[in-house]
Every structure is written in structure tokens, then in C-alpha cells.
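# A look at the structure
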Amino acid sequence: MFVVNALFSPLSIASFFLLCLFFALNNIAQHYLRVRNLKRQRIDVPCLNLEGEDFEGARQRYMSDLHGLLQLGYQKFKHGIYQLWSIHGFVTIVSPDFLEELSALPTNTLDFYEATQKRMVGDFEWVTLGDHLEAHTILTDLTQQTGKLLPDLGREIEHAIKTELLDCKEWTPVTVFPKILRIVALVTGRAFVGPEMNRNEEWLHASTSFMMDVYMGGVKLRSYSHFMRPFAARFLVTEIRRVWKHQATARRLLVPIMMSRSRAQMLEEDYEKPNDMIQWLMDNNAKQENPRPFARLAELHLLVCFAALHTSTLGLTHMIFDIAARPEYMTPLRTEISEAINAYGSLHTKPTFNSMIKMDSFMKESQRLNPPSLLTYSRLVMKEVTLKNGTILTPGTYVLCPAGLVSLDPEIWESPMEFRGFRFSDLRSAKKEDAHKYQFATVTPRAVHFGYGRQACPGRFFASYEIKSIMASILSNFDLRVVDEKVGRPKNICSGAMVAPDEKAQIMFIRREFS
């Protein structure tokens, strides 16, 4: 009785409310300091879209007319540096002239993974996106094993096209994006999780939904104060709970496979390791000083899919839109495919695809005019850097490159607004020393859609072969045309830096007849 009376005494109740008030005021103060820090310009360069203290107006202009802002910046600071106020705070736009200098810096000074985490997830870490084990495995094992995997991927493409595009014996409208996403998920899954899992519907749903749920979860969480974000993430933002559910699905499906393989590896002398991403991550993880648990490796598979499905699906959808609107490219591309098969005996081999320089050129030109993002080379400054021009980049500075504007520079590309499907194959054929330049997967300061430097997209080589393989199969089996010739190619949907194909747009398909 004495204890109860003590707990509910006026002094105890007052102390409780004072404690609650202290925590509330402390969190409000921390939120205020975070916002003030976010609104502090870290470097002394102009900000093009911020007038006075109108941060909301600057944010709206960033989202609605980033292309126009980048055009203005490219005109004024083509060889310099400027800033924009974005949905993430200040971002620093650097000329490609600085990429060599920046890329020479160590990752503890300038880092891609920290930039991705901060920009997509924010200060409250509800999911971890960056992992060096993932990038190392993609760059080494996936790149090295792609040639061996191509025949299996070819068989999976045949299955995917048969099940997703059906017969199309008459001209049939096909909603391209979801069909291509499904095809890419099946084919990519064959390399990543193997034949025992790549057609599993739970895995397909988790791997294809993870990326958009991460993106939308991050966007929605930013609308809440820093104080509210832990609560909002758990109870108010549906997409974040979906991300956690996708991770739980990955753990439930993939951890038993890893445990089974681990046991077989220890007990069976003649055990032959499968050749897929599950095994490569297991092997590379075992070499680490502090190996990650299998549950974390399962979650890493979603991160691998995060990039792989995004790159290939967007690239293929844009290509289908482009070639349907320009049917004059179909015959020369099909001729190149036939000649390559005749020369190397099969479609799904590295030499076959390497010889398809017109297909590679069409892919690169489609990407040049329809990049996945207007801004690339995302980096976060971790330690202070003084550039050769005297600009000081302080810790916390976000660095980006205007890739979309570099691709439209008339001083770099002739008639940059014109779609020339064989622009890059013509450049490669013009001079002997340029035969291996201007490829889809090549990164240079003039072609930065895959980033640049040691932290450029590690999966771009696999993506190049996958896109060629799927596109060659589609062109070999179907004729394509736009739904309405007067309307032409479906328009892209742009929001901020994102350039996306219309996910609801349709293209007419009809299966080709062979005598």
C-alpha cells in the first residue's frame, strides 16, 4: 500500500511529467538543430533554386523542373560547381571535369554507400542499403561467371517470354513495364538464387517490390519530423513495413538453402557448389574476418536485386518504346543477330553478344536520351577535401554529376537531341583505335550513367549481356509498333532526378511468322 501511495503521490506525478517534458523538449531541440544544420550551406558556391529562405519553393522547383535547373547550371557552371536545394537538403553539382580528381580519393573520404544510405533512407536507419561484400561479389564473381551462365539464362528467357508474352498471333497491346519487370526478375533470379528459387512467386514478389517500397518509404518518412520518424516508420509508413516483410521473406526462403549447402559442403567430399549468387556470397563471406550471419546474406540478395532489376527493366522498357517508334532499326538489328549466331553457333554466348555492336549502340543511345536519372556519381564527403580549383568540400556535402546534361552536350555529341541508334557503332567503326570504346557498359567523364571510378555500378557488365540477350530474343520473335503513330513513343515520366518510362504505356506486339 505504501509503495502504491508513493508512486501516485503528487511529487512522483510531477516528476514524471517533468521527465516527459524534458524528453519532449530535448527531441524538439534536436529536431531544430538537425533542420538548421540541413539548411546550412557547407560550401561557398551559388545555389540556383533558393531565393532567400524559401526552401519549400526551392524544393518544389527541384521536383517539377530539375531538368531546367540543370540546364541553367550547365550553361553557367559547365566547368565549375554549384548547389541546388533538393528534397534531401543541399546537393552539390560538380562538372565532369572534377571526376578524375574526386575518384582518386579513398572511400573513407568520399563514399557512394554512405551517400545512398543518407539520401534514400535518411538519419533514422530503418534499412541498410550499402554493403561492400555485395559490390565485391557482383564485380568479381558475377562478372567472371556471366559467360558460363548465359546458356542457362537463355533457356530462362525462352520460358519467360513464352509465359509472359503468350502467343500474340494478332497485333496485341502489351503493357510493357510490368511484363519486362517479370521477365527480368525470372532471368536475373536464375543467376542470383538458382533454378530452385527463381520461379518461386513469393521470391518474385519480394525481389520486384523491394526497390519501389524502399524508395517510397524513404520519401514518405521525410515528411515526418526527426522526433516522429521511429514511430512513423513502425506504424505510419506502410512501405517501410513492406520492406521489413520482404526481408523476412528473403530470410525464410534463402537461409534454409544456405544451411543445406553449408552442411553438404562439410559432409560430402564430392559436393559440387552451385554457380549462383547465393554460393558466391557464402564463399566470399566465409573469407571475412567477421562473417555475416546467413540472415544478413539473405537480405543482401534483395539489395543485389534492387540495382539489377532496376537497371535492366528500365533499359529494356525504354528500348522497346524506342524501337517501336522507329521500326526502321528492326531489320539491321535482326540481320546483326542472325550473322552473330551464324558466326558463333549460338545466341547466348559472350562472343555472340560482343559482336553485336549495333545492338550495343542502340542500347547506349536509348540510355543517353532516357537515362534512369539526370544525376549520377552520388557521393558523400566524409573528410574535408580541397579541390585543385580551391573549392573546399566539407564533411556532409552531397556530390552529384549532371549526367543527363552531359549526354545532351553539343560539344560532345553531334546533334544531341536527335535519336541515332547506330551513333556509337559508327564511332567504333570509324577508327581502329576506337573499336572497343563507346560501349554500353563503358564509363568515362562523358558517359556517367553508370557512375564513374572505383565505385561505378559493378553490375553494368552483367546488365549489358542480360539486356542484349532479352532484346535479341524479343526482336527475333516479335514485330513491334506503337499504339498510335500520331502520338508516337510513350512519353517519360519525370520527377526530380528520376526519368522513368510510363509503367502503364502499351506497345503492340505480334509474333513473327517463319516459313
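Up top you'll find the structure we're talking about.
Residues numbered from 1 in each chain as written. Predicted model: local features only at pLDDT ≥ 70, side-chain atom pairs only at ≥ 80, totals over all residues. Heavy atoms only, no water.

## Brief notes about unusual backbone geometry
Notably, Cys168 is not glycine yet its phi reads approximately 50°, a positive angle. Examined against the element boundaries, Cys168 turns out to sit in the loop between helix H6 (132-164) and strand E4 (172-175). Unusually for a residue other than glycine, Tyr377 sits at a positive phi of about 55°. Considering the arrangement of structural elements, one finds Tyr377 in strand E5 (residues 376-381). Overall, the relative accessible area of 3% leaves Tyr377 in the buried class. (Helix = DSSP H or I, 4+ residues; strand = E, 2+ residues; numbered from the N terminus. Buried < 20%, exposed > 50% of the residue type's maximum accessible area, 1.4 Å probe, protein only.)

## Notes on the sheet that holds E5
In spatial order, the strands read E1-E2-E8-E5-E3; together these five strands make up an open sheet with mixed pairing. Since the sheet does not close on itself, it has two edges, and those belong to strand E1 (81-86) and strand E3 (110-111), each with one partner. Of the pairings in the sheet, the one linking E3 to E5 comprises two bridges and is antiparallel in character. When the sheet's bridge partners are listed, Leu110 is paired in E5 with Val381. Along the sheet face, helix H5 (residues 112-120) touches E3, E5 and strand E8 (398-401) and points at about 90° away from the line of E5. (Pairing = 2+ DSSP bridges. Contact = heavy atoms within 4.5 Å. Axes fitted to C-alpha atoms, helices over the stretch in contact; angles between N-to-C directions.)

## So, helix H17 (residues 423-430)
For H17, the complete set of buried residues consists of Arg423, Phe424, Ser425 and Arg428. Those residues of H17 that are buried are in contact with helix H15 (357-369).

## Here's the deal with the side chain of Ser469
Among the structural elements, Ser469 can be located in helix H18 (residues 460-477). If we skip the residues at most four places from it in the chain, Ser469 touches Ile157, His348 and Phe353.

## Side note on a nonpolar patch on the surface
Taken together, the side chains of Phe231, Phe235 and Leu236 define a hydrophobic patch exposed on the protein surface, amounting to about 310 Å² of accessible area. Tracing the backbone shows Phe235 in helix H9 (residues 229-235). (Patch = residues over 30% accessible without salt bridge, like charges linked within 9 Å, V, L, I, M, F, W, Y side chains within 5 Å. Areas by Shrake-Rupley, 256 points an atom, 1.4 Å probe, with all protein chains shown as cover. Salt bridge = Lys/Arg side-chain N within 4 Å of Asp/Glu carboxyl O.)

## Considerations on the pattern of salt bridges
Taken as a whole, this structure holds 30 salt bridges when the rule is applied. Of the charged contacts in the structure, one is a salt bridge between Asp131 and Arg296, with a shortest N-O distance of 3.8 Å. With Asp131 in the loop between H5 and H6 and Arg296 in helix H12 (residues 294-325), this residue pair connects regions lying 165 residues apart in the sequence. In this structure Asp131 comes out as buried when scored by relative accessible area, which is 8%. The structure contains a network of salt bridges with shared partners spanning Asp131, Arg251, Arg292, Arg296 and Glu299.

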